[in-house]
Each structure stands twice: as structure tokens, then as C-alpha cells.
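Single-letter residue listing:
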Amino acid sequence: MTTTAHDQILAELQEICREVFENPELTISESTTAEDVPHWDSLNHLNVVAAAEQRFGIRFRTSEVEGLKNVGDFVGLVAAKRQH
Amino acid sequence: MIELDWLPRHPGLAAAITAARTLPTAAERLDAAIRLSGFGRDALATTRLDRLAQEALAETPPPAGWQRRRLAVLGSSTLETVIPALRVAALERRLVLEVTAAPYGQVRQAILGPASPLADAKPDFILLAMDEGAVLPPLPLAANQEEADAAVEAELNGLVTLWRAARQRFGATVIQQTILNTRLPLFGSYEAAVPAAPAALVERLNRRMAQSAATEGVLLVDLDGAAAGSGRAHWHDPVRWHQAKQVLSPAAIPLYGDLAARVIAAACGLSRKCLVLDLDNTLWGGVVGDDGIEGIVLGQGSAVGEAYLAVQRYAASLAERGVVLALCSKNDAEIVERVFKSHPEMHLKRDAIAAAAVNWADKATNLRCLAKTLDLGLDSFVFVDDNPAERDIVRRELPMVAVPELPDDVAHYAATLAAAGYFESVAFTAEDSTRSRQYTQNAQRKELLATATDMEGFLKSLDMQLDARPPANGDLARLTQLINKSNQFNLTTRRYTAEEVERAVNDPEVVVRGFRLVDKFGDNGLIAVIIARPHEQERAALVVDTWLMSCRVLGRGVEAACLCVLAHEAARRGAKALIGEYRPTPRNGMVRDHYPRLGFTPAGPSAGKGGGEASYWRLDLQHFTEPECHIRISE
């Protein structure tokens, strides 16, 4: 996995978060957690997950969605899934 | 497969929503939300459009002429995620839905419990959206047919109790959703042969639910039917269920919202009424002007020809259902008439088509003409054309006309039209099946009028008879339908649900009359409704709460005849005066002078003023002389 691919996923995820949280200026990094973003509650978490599944063309497993610590984990998971 | 395929794609919907949020006024933001809700959209875009619209609606009213209804959603699982989809799909239908949801799992408490949240919400509609976990506890697999039947009937009886209570206690129209059958098969194809198989039980409950809903006057959202059609696996995601008790997969949520909103819109009279068809490459393959009548591709013997035939069959079936058909095509009218007359494979008959605009004018102009000829609003039109450029022009010129996006292959045209649910209906009355004949007869009447030299002679020659008995039970569906769809000849534009109409009919204080007009060309069906009640202060006066009429019978003196009926009934009840009310809307300008024309005098503070507020009019019955009309009345 190259850095550019990672950056690209992070950029797309940021775009998704901007739409979900309706904040065009929102920036996220690998270390961002749900607590750092206002309104990142369980409902919006599902909205992010659903949008990510659709935009990246992947499906998360039941166990995967619960184990995410931060955005970096999320990006890593998407990257791993896209390789398969 | 579970996309809103008939809606056009927007090249950059997410960015357009972001941009719309920065528009200066709430009215502009609402307008943008309404416009963008007409594009194909995923769950996230739907949620964002809902947010845009809700925030704007907090500051600005909906556009003039729109309806506003309250909906309570009760279910046994997470519902927050589907509510935005319901509201956005309603926006697409000129309807603002105010939605409340009871905490999940509290369906029975909300309807039967002592302190119900619904009492304050005063919903017009209550949607019962249970999932399989909340119904039909498992039976031993070895249970026999009788035991399985008894379990289903017990569940059904519980539902019927809820329906009746919801209706009586809150006066709401009840909508029941079929249970999404997420139970996995245990036996495979043998499933249906095992009476107590879990999936078979749900299947049977859904069937029984549909039957009982019809007899109980409950509306049905056939979620499982829709899901079975496109594959339940697309509608339900077990991952989402285990994570969040969300029955519907996110991808299916926009379509679910559309499915439920179209039933509510249908109950509010907002379904489309008229299907306008292009001809070349829509009803047959090829261009008849170039290829000649023998050269068009249609009918048996060619796969493509059969696909066009299937489009014609579907259109003909819609006409039989009461959808009005019209043609709008750039063509030579004479050649087209010859195709209808002499092409052996034409399934659609010319007399099934109520009006045709076949000429070289642009389609927007022709659609406006058709609306005038048929006395229908453009917002009741669906326009089907294979040509993307024509679709685009019509969408731009006439945004109120629904213009489905069509797939490349004509074989999918009919399915696309069916999937869009434009003509969703909550009743099928005897009149529906004769509607296209009525529209054709009306065209003949217009022809007679065009050739008649004197109006009196024309009216006399029509040999009209007006039937104005108090409505019987069988008339309620049609009465409600007319109340909810008349826009132009409608003095107050008050909308009533079937329950409210029934209550009015059974209230001895209230006068309800449905008028039926027969003439020498045929039966026009139920064409007018009057509802009048005693005035709150002046008990000896009757206030006309509702007076509406189908525009099909305009200019024939029916209003005067209706007034005679109302005046007779008022006198019979000892009333001394009639009080008429006119509430202006953008659509009902034609009845601005209805009351003064009938001899009423100004009675209200705002009487006679230009617009905006209601005006009141009075007719003292002792001064009433029966106007002359050429209609025989039977009361």
C-alpha cells in the first residue's frame, strides 16, 4: 500500500465526512477520532460507514465496524479491502 | 435494481447540495432542495437534501398550492434513518410531511396506551412499520395447518384491533406496511409445503394483511412485495441489523421512502393522472414518416417489435385502470391516424386515447395544449419519450411534468414506468375503469359545442340529468378521490380523508351531496361535491364548507343546478340563508366570481378583495329564485 493510495482514501473519506456532518471546511487526519468531530454519534457513524461502503465499493464485516479506533484505522481497513 | 432509476442523474449532486446551503434566502434553499430531490440519489444525498429542506421549512412556508400532512411512524426497529427518505420523496410530490416517530418497539403502547405521544402529534396518517421479529412468535415446526392458520389469524386480529383503535382514537388514516420477510428458508423449495415454516408464516400473514387492509379501509405499503421484486437481499443487510437494528439496508432507503410516500401522496390526491406518449421509437420502432406504415417495427415476429408491443399493452392496461392516455409526437397527424386504423399489430386503439397533439410544434407547447384540452393540470402528467433531448427540454420548460429517464433498451420501458409508481392508487372504483371513455365522450361534446351556433340550443340538445342523492357507502371512495384531487373548480380546497368524509356523511347536521351528471353521450360519473354545515353563530344559516366540480362539465349550467339542490335541502332543514366561502389558491382563480354569479352578495370583511384572504358571500333563501338551467334534477 503506497502513501498516495492512503492519502487518496483519506481525501475521499474527508469528503464523505464533510457531507455527513454538513461542514465543508472539516479536515480529518489519521489520528482523528469520533470525539474530535462534533455530531459523530452512532447514527452518523453508520451514515459514514454506509457512504464509505458505497463510494469505495466494499463491504465491512460485522466485527470490523466495531473495532475502529480512529480515522487511520478506517483508512487502513478500506485500503486492505480494496486490495482484494 | 433498488435505485431510483427513473429519476435523471445529476452530474454533481453532492456539490450542488453543498452550494445550495449557501443560497441567501430560505425560499431559495427550499426551492433548490425541491429541485434536487427530483434527481437520482443515494441514502447520504437523501439525508442531506432532507436537512436542507427541513432547515429551510423552519423559516419559510412550502410553495403555494402544496399540501402539508402529519405522519406518525410506529415500528419495532430503528426508524430514524428512513424518515429523511420519506420526507424527501414527499417533496417530490408537492407534499410537506411532518413526521413524528414513536420510540421503537412501542407500537401497541402508542396506539392503546393511556398517555400516547400521538394525542399531541394529531397525525393525519399513522404508518405501522413492524419487522418480522415483532410478529408471529415461532411455532414448533411440526405444527399442522390449522395451528399455523390460527397463529396467523391471531396476529392479524391483533393488527386489526390496532388499526381500528388508531383510527377511532386519533382520527388518522392508517397505513400498514407488509412485513419484510427476512426469515431464511429452512427447506428451500419445499418451504411452502410446511405450514409452520417461519418464512411461510410471514408470507401468509402478509397475504392476509393485504386482504384485511382492503376491507378495513387501511392503506397498504407493500414493502415485501417490492423487495421480493428486486431481491430481498438488496433490501435487508444482516450486518446493519445486528449493528443497529436497522431492517433496511442503506442502499434501499431512498426507494423505501418513495414507496411509502407515494401511498400517502395517493391518499392526498397527488398521484399523476395522465400518461402522455411519444410515438416513434416509443410505441413502435422506427420513424413512421420516413419508414412508412409497413416499415415500422411492431408486433410478433421480431424481438424488438414484441418489446414495443409490450409497451403498448402496458399503456392499454393503465388506461383500463383509469389513467388518461394522450399522444404528443412530432409527426404528420394523418399518417399517425392511418397507423392506428390500419396497422394490424397496433394493440393500443385510437379510442383508448383521450387527446392527441400530433404536429410539428415543440413538445412543451403541445403538453400545455393537452392540459387545456383535457382540463387536467400539467402536474398530473407523465411524459414518456425515448429521445433524451426532448426529455431534457420538457423537464426544463415544464418542471411540474414527470419525465422518466428511460433505459436504452425498449424491453425495459414498461418496467421502468411501473417502478416509478406515478399512478399509485388507494382505490379502484367503477368510474376508474370507464374514465378513458368519459374523456373521449368529452372530446365529442367539445366538438358539438364548436359546431353549435347558439349556446342554449347546445345545452338543451345535451339532454342532461343531474342526480343528487345523499351519498351511499359505495360512493365514499370516489367522493374522497374527487375532494382530494380537484384544484381548479374548488372554492375552498379543503382536503378530507375517507374517514372524515364518512363522518360528515353520517353526521345529521352536515349536508353532503355528490352530483352525478348523465347526458346523451353517456354518464359523466360523479362530477361535483358540496359539503355544508350549520354556521357556528348563526344556526339558521348553512355554511358551504366545500364546493368543487370536475372541470369536464364546465360551462353547462351545472353550478346553478347544484345550487337549486342545496337551496332545497337548506329550506327543508329550515335554514334561512346560505353562506359561501372562497379561499383563493394559485389554481382556483376560475371560481373567484362563483358566488356573485349565482346571486350571492358580499358578506365578509375581506369580500371582494383581490386575493390572499378568504371572502364570504351570502344568499338569503327568501330572495332566492331558481336560476334557469337545462338540466333535469333528481333529488
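K.L.:
Sorry if this is basic, but what is going on with the pairing of strand E16 (residues 615–620) of chain B here?
P.N.:
For a regular strand, side chains alternate in direction, first toward one face of the sheet and then toward the other. All names here are of chain B. Because side chains alternate across E16, one face comprises the buried residues Ser-615, Trp-617 and Leu-619, and the other comprises Tyr-616, Arg-618 and Asp-620, none of which is buried. Sheet topology places strand E14 (residues 577–582) next to E16; six bridges connect them, and they run antiparallel. Its bridge partner being in E16, Ile-579 is matched across the sheet by Arg-618. Here strand E15 (residues 601–602) pairs with E16 via two bridges, running antiparallel. Each bridged residue has a counterpart across the sheet, and for Thr-601 the counterpart in E16 is Arg-618.

K.L.:
Please explain the interface of chain A and chain B as it appears in this structure.
P.N.:
Size of an interface: often given as the accessible area lost when the parts come together. The partner chain B presents 17 residues to the 18 residues of chain A that form the contact. Of all residues in chain A, Glu19(A), Glu22(A) and Leu46(A) bury the most surface against chain B, accounting for 37% of the area lost on that side. Linking chain A with chain B are six salt bridges. One salt bridge in this structure joins Arg59(A) and Asp237(B), with 2.8 Å as the shortest N-O distance. Breaking the side of chain A that touches chain B down by element, the ones donating at least two residues are helix H1 (3–20), helix H2 (42–56) and helix H3 (62–66) of chain A. Among the residues making up the side of chain A that touches chain B, the classes are represented as ten nonpolar, two polar and six charged.

K.L.:
Would you explain the nonpolar core in this entry?
P.N.:
Note on soluble globular proteins: their nonpolar side chains tend to be buried together. Residues and elements named next belong to chain B. The biggest cluster of nonpolar side chains holds 77 residues, and the ones touching the most others in it are Leu-71, Trp-235, Tyr-256, Leu-275 and Trp-284. In terms of residues, this core owes the most to one element, helix H12 (residues 253–267), which gives nine residues. For this core, the two domains that each supply at least three residues are domain 1 (62–267) and domain 2 (274–420). Beyond its immediate sequence surroundings of up to four residues, Leu-71 is in contact with Leu-86, Leu-97, Glu-98, Val-99, Thr-100, Pro-123, Phe-125, Leu-127 and Ile-264.

K.L.:
Can you walk me through the sheet that holds strand E7 (residues 324–330) of chain B in this structure?
P.N.:
Paired through backbone hydrogen bonds, the strands of a sheet run either parallel or antiparallel to each other. Residues and elements named next belong to chain B. Taken in spatial order, the four strands of this open sheet run E8-E7-E6-E9, and their pairing is parallel. If you trace the sheet from one side to the other, it starts and ends with strand E8 (353–359) and strand E9 (381–384), each paired once. Averaged over all pairs of adjacent strands, the angle between strand axes in this sheet comes to 20°, irrespective of strand direction. Two elements, strand E6 (residues 274–277) and E7, share four bridges in a ladder whose sense is parallel. Across the sheet, Leu-275 pairs through a bridge with Leu-325, a residue of E7. Helix H16 (residues 363–374) contacts E6, E7, E8 and E9 of the sheet and is inclined by roughly 150° relative to E7.

The rules behind each value
Position numbers for residues count from 1 along each chain, tracking the sequence in the order it is written. Following the order in which they are written, the chains are lettered starting with A and the ligands numbered starting with 1. In view of the model being predicted, local features appear only for residues whose pLDDT reaches at least 70, and side-chain atom pairs are presented and counted only at 80 or more, with totals across whole chains, interfaces and linings using the full set of residues. Calculation of side-chain values draws on the structure's entire complement of heavy atoms; hydrogens and water are dropped beforehand. The cut-offs for exposure are 20% and 50% of the maximum accessible area for each residue type, with area from a 1.4 Å probe on protein chains only; residues under the lower value are buried, those over the upper are exposed, and the others partly exposed. Only DSSP runs of H or I with at least four residues qualify as helices, and only runs of E with at least two residues qualify as strands; both kinds are numbered from the N terminus onward. Pairs of strands are assigned from DSSP output, requiring at least two bridges between the strands. In what follows, a contact means two residues having at least one pair of non-hydrogen atoms within 4.5 Å. By convention, the term buried area covers the 1.4 Å-probe accessible surface removed from two parts as they join, with the contributions of both added. Should a side-chain nitrogen of Lys or Arg be within 4 Å of a carboxyl oxygen of Asp or Glu, the pair is scored as a salt bridge. We call Asp, Glu, Lys and Arg charged. Ala, Val, Leu, Ile, Met, Phe, Trp, Tyr, Cys and Pro are nonpolar, and the rest, Gly among them, are polar. Buried Ala, Val, Leu, Ile, Met, Phe, Trp, Tyr and Cys residues form a nonpolar core when they are joined through side-chain atoms within 4.5 Å. An automatic or database domain assignment supplies the start and end points of every domain. The axes used here are C-alpha line fits, helices contributing only the stretch in contact, and every angle between their N-to-C directions lies in the interval 0 to 180 degrees.

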